[in-house]
4 protein chains.
Amino acid sequence: MIRTAILGASGYVGGELLRLIAAHPRLRATKLFGESKAGRTVAEVHPHLAPVYADTTFGRFDEAALEDVDLVFAALPHGHSQALAATILARGIPFVDLGADFRLDDAATYERWYGHAHEAPDLLGEFVYGIPEINRVAIRGSKAVAAAGCYATAAILALKPLVDANIVDSKDIIVDAASGVSGAGREAKEATGFSTVDGSFAAYGLLSHRHTAEMEMALEARVLFTPHLVPMTRGILATCYAEATGAGDPLEALKAAYADERFVHATDAAPATKWVSGSNGVQLTARYDDRTGKVLALSAIDNLGKGAAGQMIQCANLMLGLDEAAGLTACGVYP
Amino acid sequence: MIRTAILGASGYVGGELLRLIAAHPRLRATKLFGESKAGRTVAEVHPHLAPVYADTTFGRFDEAALEDVDLVFAALPHGHSQALAATILARGIPFVDLGADFRLDDAATYERWYGHAHEAPDLLGEFVYGIPEINRVAIRGSKAVAAAGCYATAAILALKPLVDANIVDSKDIIVDAASGVSGAGREAKEATGFSTVDGSFAAYGLLSHRHTAEMEMALEARVLFTPHLVPMTRGILATCYAEATGAGDPLEALKAAYADERFVHATDAAPATKWVSGSNGVQLTARYDDRTGKVLALSAIDNLGKGAAGQMIQCANLMLGLDEAAGLTACGVYP
Amino acid sequence: MIRTAILGASGYVGGELLRLIAAHPRLRATKLFGESKAGRTVAEVHPHLAPVYADTTFGRFDEAALEDVDLVFAALPHGHSQALAATILARGIPFVDLGADFRLDDAATYERWYGHAHEAPDLLGEFVYGIPEINRVAIRGSKAVAAAGCYATAAILALKPLVDANIVDSKDIIVDAASGVSGAGREAKEATGFSTVDGSFAAYGLLSHRHTAEMEMALEARVLFTPHLVPMTRGILATCYAEATGAGDPLEALKAAYADERFVHATDAAPATKWVSGSNGVQLTARYDDRTGKVLALSAIDNLGKGAAGQMIQCANLMLGLDEAAGLTACGVYP
Amino acid sequence: MIRTAILGASGYVGGELLRLIAAHPRLRATKLFGESKAGRTVAEVHPHLAPVYADTTFGRFDEAALEDVDLVFAALPHGHSQALAATILARGIPFVDLGADFRLDDAATYERWYGHAHEAPDLLGEFVYGIPEINRVAIRGSKAVAAAGCYATAAILALKPLVDANIVDSKDIIVDAASGVSGAGREAKEATGFSTVDGSFAAYGLLSHRHTAEMEMALEARVLFTPHLVPMTRGILATCYAEATGAGDPLEALKAAYADERFVHATDAAPATKWVSGSNGVQLTARYDDRTGKVLALSAIDNLGKGAAGQMIQCANLMLGLDEAAGLTACGVYP
């Protein structure tokens, strides 16, 4: 039994971690931290988890809380991990952080996209970027993983084999992606209110969304990324465009790259986000367009699954030497 | 390993059965029948299940198909089971039917609500009504179960302990319930098209919905039932009203009745359907209103879970002597 | 040209008033007040209205603002009107208030349902309850109207003719109603966040919703009312149950009562909220159930139309001697 | 009074035409044709229009039906207009067709995208492409207009001024667009069923959507277009990418091009489809990205408004010498 602490356990990713851990053969959620919900029970905060966690209560994090813990997951608002990471790393506890704090390998790039200096630049090198399919060996040997952003995960999985095989020109990539509302977190905001979002589709963060930096780092490419908000709760679809080089068929390249992956499925069908809702799955396709000389590649994930909690557990499984798919074998819930 | 045949495997309930069986420790879906999708693969028809079932194809049912089968699930359009039941029962294979064909214990009542004579009235007595929480012993000893209707399950679980304890007057019960659209099945109809349902809420089947008969049979009560269609995919909420007798507190009665049940949770919180979405759970509450002398009782289920596939598996587990909760322990998926 | 001030112009009802006034032959929105949005433009706060109001800005209300005003609409958070009403009434400006502050005719009833003493009990008698179809003469002669609550409007229009004609027993009425999320206003709350509401249906305010008091007052009846939240933005459906007396057919009574009404349509079809979305329309039906001896009556409105802004303008039209339907003739927007 | 015949009056565009005509100062819908709904009333088929059209019935089209008609609107399934156009044109009645049949000016291009030879290639030259903002003079002098496709309208309005001013390279344009489900029409299909679409986002028609041809024709450009289906009923957002030439600021170009247009609004805000829902409005923005050297341009319309019925009426107003905005001044319905 692996005793697991969750920082940010009262948010949506925290709830998804708890849901997945309930079905995990080895992990047990033994310490739940949630500042704004401290003292309240899981049944109150996550009613869907009441059958399993019932009267477990959320606490406030302090360093002593890390005793008797074998694994730490953090799903905190941006910036919090920069203050906490040194403490966790000092204890040598395997740590999977979903924050953007330690995803980029370079403090200057961080500052350019996030608008302020990094608070713990010396720790950037301690973290491994957390997408197992492109970084498995490093994750397996690591004590600290910065799980990738949800949009970044979708786009990178669709594009990385194409860039690596030089099937597309890495200097001219467009990622047009759309997310369900849970990606914006649980905090109440007018922008994510039901009446605002229902019946509406819009882009946001034009030219400036921070996941661009992750995509550029992981792909070693130049990326223009436009996120959109969809009136649905879960799911991300990334529709990616790039100039073709003529070096090969993009769908065949995806199929080959992921032939042995358990969570990534490349087919000739245009994927729908609902196919992977509630799961750790990724559905991909790609096409070459001879009219325009471009490659079109699409990727669907659940932003709370492969885009967050699923990926965190997949990374932890690797770090701990467990079966990589432990706790993650459930199919999507459809319809 | 229990070799399971599914009739109607290409519909929504069929897909949910396949999803749940994929996580079941003993059941294996070995024969999938779906007339309209015969020859197609699971990956085409249920893309969310592709990771597990991939190239398994749907077949057309014939009697020979029942060889090498240890369990039969049927989720067919209304009326089909009347023609098939004799064949299945003759082989002595445990059979769980989700159709309405064998739920009522009386052919005359069937004819009154369904508008035509029953085709196999002599088999009505062979089937046990399938709600384990109210009928466990009979299900355990049975070879044929008629799993309850989705609305009926929600209403009966909220009301049965109150009627049985004489806390409410069984002669004056109103069930006002609302369902997600998947309850109408997978067939394309204008009434369940996205543009029809989105942004709309309406009642239907006024005074005449057939689940009324099940409620009246199981509760031994007089029920006025009004179903509504909600712009959501899954979930049923039953809001039930009855005259109080003064014989006890309704919430305490629900808590006591379900204290040992693994899937039914009675609390003082007003339940939301999303709390149980994707699960076999039931959330209940009740109140006594001293202003009007009435009892209000509410029940939330997933119409495809406890209202269909979950309940079918729960019944099968009992019939087969397995752990009643096998394959059904997943929490709801939220948000 | 009738110069109109709107208090609470930045909320959803305020926006709907502005939308309707833009199409009104006589009203002009000349002063817009919205404390939280003071200094911002209509284009920023209500982008859908930008083509008409563009750079008009919201101000903070003070008494001087009432100069040069011929009509006042207030759509403020509960309680604000109690402080403002005396000022407005003292100037003799026709005033239509959507708050619950002056709907009840009795301070004791107000205190019982709202949990605190009324701050201006002597003004209660100055206000006329604002549902033109049941109170037209009084509204026409009044300077102050308290427009009815959205749920109350739906329920009262379905039930009033049945109670008045003694077709149902006024001592035993159940109103089970469901609303779109815009009824909860524009303020950001977790309970009305997209991820909370999407895919979910739930009751709230069990036994205690304040619109019960209005229904009981207007119907002179005993009412048990349960509101529900539907994952849609606009619309209310009220499903009403009452004991039949045998004194007549309920649908015929509704048709007769509303034969000359321009906004109320009683037919034998079960109404859907989307039929009246964006309009001031009301769709009704009713049935007598000889099995249970009860009457079922249903009513659909747009909570922001007939349940709020539309009704306010209809009342104002009466107060000002205009055509009652001025500015309100648009059909619903469907699908 | 202009007597208007509507072919396809029972579909969603037909309903929207009827809704808009009800508020039009000069048009009257005098003949309604809908083959599949012949004999049924408007109240049955379009319940939201019952207050205006009530017992008007749908008929079957025959040539005699064109007597006593001053204007013909057609919103028929693809291909029907090719058979009907000669008859209508022979009578000299102004004709606005929403079908794709006569939008392209070249039979070979038609055949390439639609997969079959055009049935009336000699009539292609009779039709003017119907987007008033880019083709006003020609529409004004025409007897036959082929109103533009919904996606095409959104993309062309966002891009045309940028191409014309040489601000973007016309050889390298990507249109990534997303539509509400009503764009797929009223016919029941599993692909547009509520349970299929709700909670899902997907692309379709990869590399092959026929509106590409219209965009290329109107823009004189090379376009790669990817449509997506959004779980909402109305609205299109087009997110367009092109290589910048450095010749000017794209937003300023849009503002200048549409400064005198009543329906098109270019601002620096990222538009949401709900801002224009129910209206004939178009919301645009654009940005130059100096990181990648690309231009990003966005456009939001209501697919049933400016993307269909609104544009048809706007064209008809021009053809008939009426105020171009007659019947089209309503703001969007929000939230």
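Residues numbered from 1 in each chain as written. Chains lettered and ligands numbered in written order. Predicted model: local features only at pLDDT ≥ 70, side-chain atom pairs only at ≥ 80, totals over all residues. Heavy atoms only, no water.

**Examining the relation of the copies chain C and chain B**
Thought 1: When chain C is brought onto chain B, the operation consists of a screw motion whose angular component is 180° and whose axial shift is 0.0 Å, with 0.0 Å RMSD remaining. Here the two chains are linked by the operation of a two-fold rotation axis.
Thought 2: Most of the interface of chain C is mirrored in chain B, where 100% of its interface residues again form contacts. (Least-squares fit on C-alpha atoms with pLDDT ≥ 70 in both. Contact = heavy atoms within 4.5 Å.)

**Remarks on the interface of chain A and chain D**
Thought 1: If you look at the interface, chain A gives 47 residues, while chain D gives 47 residues.
Thought 2: Carbon and sulfur atoms make up 62% of the area that chain A and chain D hide from each other, which totals about 3,800 Å².
Thought 3: By the criterion of area lost to chain D, the three top residues of chain A are Phe201(A), Leu207(A) and Arg291(A), representing 18% of everything that side buries.
Thought 4: At the boundary of chain A and chain D, one finds 4 salt bridges. (Buried area = accessible area lost by both parts, 1.4 Å probe. Salt bridge = Lys/Arg side-chain N within 4 Å of Asp/Glu carboxyl O.)

**Let's talk about the environment of Ala326(D)**
All names here are of chain D.
Thought 1: Assignment of secondary structure puts Ala326 in the segment after α11 (305-319).
Thought 2: With a relative accessible area of 9%, Ala326 lands in the buried category.
Thought 3: For the pair formed by Ala326 and Thr87, sequence separation is 239 residues and the distance between their alpha carbons is 28 Å. (Helix = DSSP H or I, 4+ residues; strand = E, 2+ residues; numbered from the N terminus. Buried < 20%, exposed > 50% of the residue type's maximum accessible area, 1.4 Å probe, protein only.)

**What to know about the side chain of His211(A)**
Residues and elements named next belong to chain A.
Thought 1: Mapped onto the fold, His211 is located in helix α9 (residues 211-219).
Thought 2: The buried category is assigned to His211, whose relative accessible area is 10%.
Thought 3: Among residues more than four places away in sequence, those in contact with His211 are Arg103, Gly149, Cys150, Tyr151, Ala152 and Phe225.

**Overview of the UniProt feature "active site" (unreviewed entry) in chain A**
Residue and element names in this part refer to chain A.
Thought 1: Annotation from UniProt places "active site" (unreviewed entry) at Cys150.
Thought 2: Position of Cys150 relative to the elements: it lies in helix α7 (residues 150-164).
Thought 3: A relative accessible area of 15% means that Cys150 is categorised as buried.
Thought 4: Not counting chain neighbours up to four residues away, the residues in contact with Cys150 comprise His211, Ile236, Ile301, Asn303 and Gly307. (UniProt positions renumbered as here; feature names shortened; annotations may be inferred.)

**Focus on the packing of helix α7 (residues 150-164) of chain D against helix α10 (residues 250-257) of chain D**
Residues and elements named next belong to chain D.
Thought 1: Their axes nearest at 9 Å, the elements α7 and α10 cross at an angle of 105°. Taken together, α7 and α10 sit at an angle that is classed as roughly perpendicular. From α7, Leu157, Ala158, Pro161 and Leu162 reach across to α10, where they touch Pro250, Ala253, Leu254 and Ala257.
Thought 2: Along the lines of polarity and charge, the residues of the contact of α7 with α10 split into 8 nonpolar, no polar and no charged. (Axes fitted to C-alpha atoms, helices over the stretch in contact; angles between N-to-C directions. Parallel < 35°, antiparallel > 145°, perpendicular 65-115°, else oblique. Nonpolar A, V, L, I, M, F, W, Y, C, P; charged D, E, K, R; others polar.)

**Points about the pairing of strand β7 (residues 168-179) of chain A**
Residue and element names in this part refer to chain A.
Thought 1: Where burial is concerned, most of β7 is hidden: 10 out of the 12 residues are buried.
Thought 2: Pairing between β7 and strand β10 (residues 236-244): 8 bridges, direction antiparallel. By the bridge assignment, Val175 is partnered in β10 with Cys240.
Thought 3: Across 7 bridges, the pairing between β7 and strand β9 (residues 223-229) is parallel. Paired with Ser179 across the two strands is Leu229, which belongs to β9. (Pairing = 2+ DSSP bridges.)

**Some words on the sheet that holds strand β1 (residues 2-7) of chain D**
Residue and element names in this part refer to chain D.
Thought 1: The strand order across the open sheet built from 6 strands is β2-β1-β3-β4-β6-β5, with neighbouring strands paired in parallel fashion. Each of the sheet's edge strands pairs with one partner strand only, and the pair in question is β2 (27-33) and β5 (128-130). Between one strand axis and the next, the sheet turns by 25° as a mean value, whatever way the strands run.
Thought 2: Strand direction decides the pairing type here: β5 and strand β6 (residues 144-147), joined by 3 bridges, are parallel. Counted as the bridge partner of Gly130 is Ala147 from β6.

**Focus: the sheet that holds strand β7 (residues 168-179) of chain C**
All names here are of chain C.
Thought 1: Taken in spatial order, the 7 strands line up as β8-β9-β7-β10-β13-β12-β11 in an open sheet, and their pairing is mixed. Taken across any chain shown, the strands that pair with only one partner, and hence form the sheet edges, are β8 (202-203) and β11 (264-266).
Thought 2: Where strand β12 (residues 282-289) meets strand β13 (residues 294-301), 8 bridges bridge the pair, whose relative direction is antiparallel. Opposite Val282, over in β13, you have Ile301 as the bridge partner.
Thought 3: Helix-sheet contacts for helix α9 (residues 211-219) involve β7 and β9 (223-229), and the interaxial angle to β9 is about 140°.

**A closer look at the pattern of salt bridges**
All names here are of chain C.
Thought 1: Counted under the stated rule, the structure contains 76 salt bridges over all chains.
Thought 2: Put simply, Arg91 and Glu63 hold a salt bridge, and the shortest N to O gap is 3.8 Å. Placement of Arg91 in the loop between α4 (80-90) and β4 (95-97) and of Glu63 in the loop between α3 (50-53) and β3 (71-74) is noted, with a sequence separation of 28 residues between them.
Thought 3: As a salt-bridge pair, Arg222 and Glu216 come within 3.4 Å of each other at their nearest N and O atoms.

**Points about the packing of aromatic side chains**
Thought 1: A complete count under the given rule lists 24 aromatic pairs over all chains for this structure.
Thought 2: On the numbers, 5.0 Å between centres and 65° between planes, the contact of Tyr151(B) with Phe225(B) is edge-to-face. Pair noted here: Tyr151(B) is in helix α7 (residues 150-164) and Phe225(B) is in strand β9 (residues 223-229), with a separation of 74 residues, a long-range link.
Thought 3: Residue class for Phe225(B) comes out buried when judged on its relative accessible area of 1%.
Thought 4: Both rings, one in Tyr110(C) and one in Tyr114(C), keep their centres 4.6 Å apart while their planes meet at 10°; by these two values the pair is stacked. A residue pair is termed a helical-turn pair when its members lie 3 or 4 positions apart in one helix, as Tyr110(C) and Tyr114(C) do in helix α5 (residues 107-114) at 4 residues.
Thought 5: Look at Tyr110(C) and you get buried, because its relative accessible area is 0%.
Thought 6: Members of the aromatic cluster, connected to one another through ring pairs, are Phe95(A), Phe102(A) and Phe127(A).
Thought 7: Across from the ring centre of Tyr334(A), 5.4 Å away, lies the NZ or CZ of Lys274(A), which sits over that ring. (Phe/Tyr/Trp six-rings, centres within 6.5 Å; stacked < 30°, edge-to-face > 60°. Lys NZ or Arg CZ within 6 Å of the ring centre and 35° of its normal.)

**Remarks on the interface of chain C and chain B**
Thought 1: Counting residues at the interface gives 47 residues for chain C and 47 residues for chain B.
Thought 2: Overall, the association of chain C and chain B removes approximately 3,800 Å² of surface from exposure, summing both partners, and the carbon and sulfur fraction of that is 62%.
Thought 3: On the chain C side of the contact with chain B, Phe201(C), Leu207(C) and Arg291(C) bury the most area, a combined 18% of that side's loss.
Thought 4: For the pair chain C and chain B, the interface holds 4 salt bridges.
Thought 5: Salt-bridge contacts for Lys294(B) lead to Asp172(C); the nearest nitrogen and oxygen are separated by 2.2 Å.
Thought 6: There are 20 residue pairs in polar contact (both at pLDDT 80 or more) connecting chain C and chain B.
Thought 7: Mapped onto the side of chain C that touches chain B, the elements with two or more residues apiece are β7, α8 (194-197), β8, α9, β9, β10 (236-244), β12 and β13 of chain C.
Thought 8: Each residue belonging to the side of chain C that touches chain B can be placed in one class, and the counts come to 24 nonpolar, 11 polar and 12 charged. (Polar contact = N/O pair within 3.5 Å; in protein donor to acceptor, adjacent residues only side chain to side chain.)

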